[in-house]
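Residue-level structural notes
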Amino acid sequence: MIVEHLSLVDFRNYAEAELALQPGPNVLVGRNGQGKTNLAEAIAYLATLGSHRVSSDAPLVREGKDAAFVRARLAHGARRVTLELQINKQGSNRARVSGSPVRTSELPRYAQAVLFAPEDLQIVRGDPSQRRRFADQLLIQRTPRMAGVIADYERTLRQRTALLKSARARGLKGAQLSTLDVWDDKLVALGSQLIDARVRLAQDLAEPVAAAYAGVAGEDHRPELSWVLSVRGADPEEGDELPAGAEEGSTEELFRSALAARRAQELDRGLTLVGPHRDDLLLTVRGLPVKGYASHGESWSVALALRLASAELLRAESQGGDPILILDDVFAELDADRRRRLADVVADFEQVLVTAAVAADVPEPLRANAVRIEAGAVLGPLADHPLSPEPSDG
Ligand SMILES: Nc1ncnc2c1ncn2[C@@H]1O[C@H](COP(=O)(O)OP(=O)(O)OP(=O)(O)O)[C@@H](O)[C@H]1O
Ligand SMILES: [Mg+2]
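Quick caveat, the model's predicted, so the values are computed rather than measured. (Residues numbered from 1 in each chain as written. Chains lettered and ligands numbered in written order. Predicted model: local features only at pLDDT ≥ 70, side-chain atom pairs only at ≥ 80, totals over all residues. Heavy atoms only, no water.)

Gly33, Lys36, Thr37, Asn38 and Arg53 are the nearest of the 16 residues found near ligand 1. In the model, an oxygen atom of ligand 1 is placed 3.2 Å from a nitrogen or oxygen of the Gln34 main chain. Relative to its unbound accessible area of 660 Å², ligand 1 is 70% covered by the protein chains. Split into classes, the residues belonging to the shell around ligand 1 amount to two nonpolar, seven polar and seven charged. (Near = heavy atom within 4 Å. Polar contact = N/O pair within 3.5 Å; in protein donor to acceptor, adjacent residues only side chain to side chain. Areas by Shrake-Rupley, 256 points an atom, 1.4 Å probe, with all protein chains shown as cover. Nonpolar A, V, L, I, M, F, W, Y, C, P; charged D, E, K, R; others polar.)

The backbone of Arg12 shows a phi angle near 50°, a positive value even though the residue is not glycine. Position of Arg12 relative to the elements: it lies in the loop between strand E1 (2-11) and strand E2 (14-20). According to the relative accessible area criterion, Arg12 is buried, its value standing at 17%. Notably, Asn369 is not glycine yet its phi reads approximately 50°, a positive angle. Judged by relative accessible area, Asn369 falls into the partly exposed class, the value being 34%. (Helix = DSSP H or I, 4+ residues; strand = E, 2+ residues; numbered from the N terminus. Buried < 20%, exposed > 50% of the residue type's maximum accessible area, 1.4 Å probe, protein only.)

Once that is clear, we can look at the packing of aromatic side chains. Applying the stated criterion across every chain, the model contains one aromatic pair. Considering the side-chain rings of Phe116 and Trp300, the 5.5 Å spacing of their centres and the 90° angle between planes classify their relative orientation as edge-to-face. Residue Phe116 is located in strand E8 (residues 113-116), and its partner Trp300 is located in helix H9 (residues 296-317); the two are separated by 184 residues in the primary sequence. (Phe/Tyr/Trp six-rings, centres within 6.5 Å; stacked < 30°, edge-to-face > 60°.)

With that settled, the discussion passes to the UniProt feature "binding site: ATP" (unreviewed entry) in the chain. Per the UniProt record, "binding site: ATP" (unreviewed entry) is annotated on Gly30, Arg31, Asn32, Gly33, Gln34, Gly35, Lys36 and Thr37. The exposure class of Asn32 is exposed, given its relative accessible area of 65%. Locating Gln34 in the fold gives a position in the loop between strand E3 (24-29) and helix H1 (36-48). By relative accessible area, Gln34 is classed as buried at 16%. Not counting residues up to four positions away in its chain, the partners in contact with Gln34 are Asn13, Tyr14, Ile373, Glu374, Ala375 and Gly376. Here the side chain of Gln34 touches Asn32 through a polar contact of 3.1 Å, landing on its backbone oxygen. (UniProt positions renumbered as here; feature names shortened; annotations may be inferred. Contact = heavy atoms within 4.5 Å.)

Here E8 shows a buried face lined by Ala113 and Leu115 and a second buried face lined by Val114 and Phe116. Of the pairings in the sheet, the one linking E8 to strand E12 (residues 324-328) comprises four bridges and is parallel in character. Its bridge partner being in E12, Val114 is matched across the sheet by Leu325. (Pairing = 2+ DSSP bridges.)

Mapped onto the secondary structure, Arg160 falls in helix H5 (residues 146-170). Arg160 gets classed as buried once you look at its relative accessible area, which sits at 0%. In this structure the side chain of Arg160 is engaged in a polar contact, spanning 2.9 Å, whose partner is the side chain of Thr272. With residues near it in sequence (within four places) discarded, Arg160 still touches Leu180, Trp183, Asp184, Leu187, Leu259, Arg263, Glu266 and Thr272.

The next thing to look at is the sheet that holds E2. With antiparallel pairing, the six strands of this open sheet are ordered in space as E2-E1-E4-E5-E6-E7. In this open sheet, the two strands that pair with only one neighbour each are E2 and strand E7 (100-102). Neighbour to neighbour, the strand axes of the sheet diverge by 15° on average, direction disregarded. Inspection of the sheet shows strand E6 (residues 94-97) paired to E7 by three bridges, in the antiparallel sense. When the bridges of E7 are listed, Ala95 appears paired with Val102. Against the sheet, H1 makes contact with E1, E2, strand E4 (67-76) and strand E5 (79-88), and its axis sits at roughly 110° relative to E1, the strand it touches most. (Axes fitted to C-alpha atoms, helices over the stretch in contact; angles between N-to-C directions.)

Let us now look at the packing of H9 against helix H10 (residues 336-346). Each pair of packed helices gets described by two things: the angle between the helix axes and the distance between those axes. Taken N-terminus to C-terminus, the directions of H9 and H10 make an angle of 10°; their axes are 12 Å apart at the nearest point. With respect to H10, the axis of H9 lies roughly parallel. Mapping the contact onto sequence places Gly297, Ser301, Leu304 and Leu308 in H9 and Arg338, Leu342, Val345 and Val346 in H10. Considering only residue class, the contact of H9 with H10 consists of five nonpolar, two polar and one charged. (Parallel < 35°, antiparallel > 145°, perpendicular 65-115°, else oblique.)

Glancing now at the pattern of salt bridges. Counted according to the given criterion, the structure contains 30 salt bridges. The partner of Arg263 in a salt bridge is Asp184, with the nearest N and O atoms 2.4 Å apart. Taken together, the positions of Arg263 in helix H7 (residues 251-269) and Asp184 in helix H6 (residues 179-217) put the pair 79 residues apart, joining distant regions of the chain. Take Arg263: its relative accessible area is 18%, and that puts it in the buried class. Here Arg315 makes a salt bridge to Glu312, at a shortest N to O gap of 3.3 Å. Linking Arg315 with Glu312, this pair stays in helix H9, spanning three residues, or about one helical turn. Among the ionic contacts, a cluster of salt bridges with common partners joins Arg160, Asp181, Asp184, Arg263 and Glu266. (Salt bridge = Lys/Arg side-chain N within 4 Å of Asp/Glu carboxyl O.)

So this is what it looks like as structure tokens:
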């Protein structure tokens, strides 16, 4: 699919903006802080219902305003669908699809986009929550129904943890807490679904990640992914790095026995210590964990490969064609060889949006349809809007 047209009102630094986009490559060019990433963020929000930069919606609304509006016309073959989203600083957001009100959670069924940004280095370098977030976001994009499973799991987890905390405060021991069993059943049922889905996702990503890594890095460093699971006794949140035990049994059985084994500890600490919220996605290159071992370039290639592989996976399963591929500020970070290779890897996507401060950083084949962005305005084709002189300090 492609975005044919994007309209923004009071989104980030845009009071009003209209951006027409073409099939194939599109480049948004402008100096730092002009609003290139904001445009990318607006499109990606429709597909993921979140920003890659902030966890709350308030920063997306233009300063001094109460709501931001994002409208995108998507095209796939002869089909057109218009998505509209009102992001409210307070209260819930509102969405429409081709004029009819829908729940905002419906939008990702229509919009598929994969955004790669420098922040993604945190997927490979940051704490386990970053990797869980990456995986869950992709799960939801692949199977929108998973959003409900994840939300229900998180709610159950909060309630179970609250119960543990109050039990600790009252000095209760395991046997005196029969209500915990009810929460355990829910936690295990929902959590096991999530764990199994994540494990399948890692398996499905293995090949496309290896292919994308080789495509970008030009070498095969055997990138691999596997889950370190707390239901198997590991605790990556406490610094466990390698997968623990290989006990036999279904996820639900493992979950139950791990909960039983840690119940005293849980009551002691007032925390739920077993479940997908305590797991980590272990990424390795040449058999060593990326985090702590890989070079900057290798880490960068793994992060990029994860996103490119995500796009491949979505494309392979989608009824709506390719996801929109968005590369925010990627090329400035890469050497000439990697730039060329990345351009090759992404060239066959139906639409690619690239942001760059300097157009020359973007390889020639992707430099079509370059648009100048300046001070929260879409000025128009780069050819008609060459860079105005840099404001001098002197
Ligand atoms: N809610 C908001 N209201 C008004 N302005 C905002 C808001 N959020 C961000 N901005 C402004 O938007 C600008 C940043 O835009 P953006 O991140 O898109 O820049 P960019 O063109 O991608 O720059 P860079 O090349 O540095 O990545 C900043 O000047 C910032 O102050
Ligand atoms: Mg930017």
